[in-house]
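Notes for the structure review
What follows is the residue order along each chain.
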Protein chains: 4
Amino acid sequence: MNGFASAAQGGPSFIASDTLHNAAVQLLQARGVRLEQLAELVLFLQQDYIPGLLMPDCLESILHVLAKREVQNALLTGIQLDLFAEQGMLFFPLQPVVQADESLYGVDETLALSILNLYGSIAFTNYGYLDKLKIGILAWLNDKSTGMCHTFLDDLAGALAAAASSRLAHRYRHMLEEQSRYNR
Amino acid sequence: MNGFASAAQGGPSFIASDTLHNAAVQLLQARGVRLEQLAELVLFLQQDYIPGLLMPDCLESILHVLAKREVQNALLTGIQLDLFAEQGMLFFPLQPVVQADESLYGVDETLALSILNLYGSIAFTNYGYLDKLKIGILAWLNDKSTGMCHTFLDDLAGALAAAASSRLAHRYRHMLEEQSRYNR
Amino acid sequence: MNGFASAAQGGPSFIASDTLHNAAVQLLQARGVRLEQLAELVLFLQQDYIPGLLMPDCLESILHVLAKREVQNALLTGIQLDLFAEQGMLFFPLQPVVQADESLYGVDETLALSILNLYGSIAFTNYGYLDKLKIGILAWLNDKSTGMCHTFLDDLAGALAAAASSRLAHRYRHMLEEQSRYNR
Amino acid sequence: MNGFASAAQGGPSFIASDTLHNAAVQLLQARGVRLEQLAELVLFLQQDYIPGLLMPDCLESILHVLAKREVQNALLTGIQLDLFAEQGMLFFPLQPVVQADESLYGVDETLALSILNLYGSIAFTNYGYLDKLKIGILAWLNDKSTGMCHTFLDDLAGALAAAASSRLAHRYRHMLEEQSRYNR
């Protein structure tokens, strides 16, 4: 990449990717979502399609998804809005709409879609399926009795799991191709 | 709309919306999908959320979705590709990919998404749910033993039902608003 | 729609569409965007394609776009985030990212896309074109010297204009079809 | 990835990624689009933002985009439809709609969006800009006097260039971050 040689001077200031990455992981945990719980959703979605799939594979895939800048930005923004809603700080009429997680609000799903889009169209069906089943950590995120507001995070958590599943499906296919090449 | 007054001269030739609409409806039926079967999927998706929902409501919503030009174009294009695949007329390597409805193909879901997008982000979860359940007409479209190729139509049929469901949800909300206005 | 007859009892409380609509229009004006300025962008985009197009047609189309609930929600959410960023209230590292309108942030464009999607794929090219040209009100929204933060609103304003343009293009086509029917 | 250990037996037959990749590159050239011409569009879009950017960087980025399976599938499908339209083989009324590259058709832009989505939302504005300017190879693809039909390929070529531009922008940012780390 010699074409980029002269880029260093000037010193633009900006937020580094690992700063965003660390913030995203810490916010997930602070809001009650452990990465293992996301990996469990991935295992649930993929174990019938990928023989021998184990939790470490699923966790690694979640980490890869979390390494993308667009994913980090969607997570940070959604969790920030959840926090403001929890504290009653959004202006009217946005506050009651977000607080009640109104089914027609749609911006939460829009942020989730921005994560899914990065992993191709097959990520969408896994997302929709998880959204209807609401299993595991998604059930907890949808439990209004906790007093927390997870209008955005429940959709974003599902999108992380669906994206990581799609990524595994693509990688598994790639591995099958490599194996069939050697076995010829 | 007096601003459009001078448009008539010149006479551009083009395909009229009702020509596209009729073609879309006829192709659906020719490929084995009756509108009532799509309406049944809508009823399944919405009957728990909309009290007193009946089949005519669902059928009317399907017809409204089918009246959109982008929907007609997606349907015609997808069914055309299914037909070519069925007749073995696609070039290699597209032919085996479409014929096998490969899970990583993705263009079928992409056309479905172009329908869903028109009805807002809440259409996506219904679509993903239908795609996993594969009930009713979707089960038949996914049955490879018929000798037909429905790689595109199974996704497009699910998208039509999910879009019509989303439209009903929006309209039901609107009706509740009107009622609460009168009841004040 | 007799199927919906039993919906009135129970009285769910929710935010009415016209409350959201009024809030969206007032927030636009409070943030320095008059609807006429959005209509001017529509006129710029469509005047070469629709003979005799006038400002009232463009303004009416903007109003139709603003009547959609998903549009209202996207606008309210984006303007709320702009306000928090302006007041320095977002958590780190989201605050400097949004405040600087970082080119790789992406959530602002994501909200804009959720508006464009409702009007079909042809809305996208008008949006991208406006985003590069930055004319009219879009130039003002991108002027950092005002001390205001319009990270979201500059994209949302462009999306409103692009969506209204796409809507006019569809309606113009429909009118041509009707005329050619009468002229046969 | 030991979790995937037992995958080899069974021998599913499928189309390998490099088969799709080679087909995509060959079809591009057979339809009159050289990769260098796509790289020129990337250089045009990015040279003001990335100091010292050279053609080999742009060409490498185009190749990376072409290595994605969803990109290959979109390209193959679009070019196949262009070929059928050129030969007059699509059924009515799809044939005249595609042949005329009707502005409201939309499926061509939909396939382009499926490529852009993989590279985040910032790819969209570059795409819309290229679509309006129609420079370089895009001008040739839009020239109806060649007797060829490029309804899909003109949009897909623009999407390839816009996606490769977005990828370079992300990588350039990453490189700046690495440099600022060393310079501390």
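In the block above lies the structure referred to throughout.
Quick caveat: nothing in here was measured; it's all calculated off a predicted structure.

Take the interface of chain B and chain A next. Facing 21 residues of chain B, the contacting portion of chain A comprises 21 residues. Surface buried jointly by chain B and chain A totals about 1900 Å² across both partners, of which 68% is contributed by carbon and sulfur atoms. On the chain B side of the interface with chain A, the three residues burying the most area are Leu 104, Thr 125 and Lys 132 of chain B, jointly 32% of the side's total. At the boundary of chain B and chain A, one finds two salt bridges. A salt bridge links Glu 102 of chain A to Arg 173 of chain B; the nearest nitrogen and oxygen atoms lie 3.0 Å apart. Our count for the chain B to chain A interface comes out at four residue pairs in polar contact (both at pLDDT 80 or more). Broken down by element, the residue count for the side of chain B that touches chain A peaks at eight residues, all from helix H7 (residues 123-133) of chain B. For the side of chain B that touches chain A, the class distribution of residues is eight nonpolar, eight polar and five charged.

Before going further, it helps to spend a moment on the pattern of salt bridges. For the coordinates displayed, the defined rule picks out 28 salt bridges over all chains. Between Glu 102 of chain B and Arg 69 of chain D there is a salt bridge; the shortest N-O distance is 3.2 Å. Placement of the pair is Glu 102 of chain B in the loop between helix H5 (94-99) and helix H6 (107-116) and Arg 69 of chain D in helix H4 (residues 69-86), with the two residues belonging to separate chains. Take Glu 102 of chain B and Arg 69 of chain D: they sit in the same class, and that class is buried. Through salt bridges with shared partners, one network takes in Arg 69 of chain A, Glu 102 of chain C together with Arg 173 and Glu 177 of chain D.

Turning to H4 of chain D, a few remarks are in order. Residue and element names in this part refer to chain D. Here H4 spans 26 Å end to end across 18 residues, near enough to the 26 Å set by a 1.5 Å rise per residue. Where burial is concerned, most of H4 is hidden: 17 out of the 18 residues are buried. Looking at the residues trailing H4, positive phi occurs at Gly 88, about 70°.

Bringing the packing of helix H2 (residues 35-46) of chain A against helix H3 (residues 55-66) of chain A into the picture now. Residue and element names in this part refer to chain A. With their axes 8 Å apart at the nearest point, H2 and H3 run at an angle of 110° to one another. As judged from the angle between their axes, H2 and H3 are roughly perpendicular. The way H2 lies across H3 gives a crossing that is right-handed. Across the interface between the two elements, Leu 35, Glu 36, Leu 38, Ala 39, Glu 40, Val 42 and Leu 43 of H2 pack against Met 55, Cys 58, Leu 59, Ile 62, Leu 63 and Leu 66 of H3. Of the residues in the contact of H2 with H3, the class split is eleven nonpolar, no polar and two charged.

Analysis parameters
- Residues numbered from 1 in each chain as written.
- Chains lettered and ligands numbered in written order.
- Predicted model: local features only at pLDDT ≥ 70, side-chain atom pairs only at ≥ 80, totals over all residues.
- Heavy atoms only, no water.
- Contact = heavy atoms within 4.5 Å.
- Buried area = accessible area lost by both parts, 1.4 Å probe.
- Salt bridge = Lys/Arg side-chain N within 4 Å of Asp/Glu carboxyl O.
- Polar contact = N/O pair within 3.5 Å; in protein donor to acceptor, adjacent residues only side chain to side chain.
- Helix = DSSP H or I, 4+ residues; strand = E, 2+ residues; numbered from the N terminus.
- Nonpolar A, V, L, I, M, F, W, Y, C, P; charged D, E, K, R; others polar.
- Buried < 20%, exposed > 50% of the residue type's maximum accessible area, 1.4 Å probe, protein only.
- Expected span 1.5 Å × (residues − 1).
- Axes fitted to C-alpha atoms, helices over the stretch in contact; angles between N-to-C directions.
- Parallel < 35°, antiparallel > 145°, perpendicular 65-115°, else oblique.
- Left-handed = near helix turned anticlockwise from the far one by under 90°.

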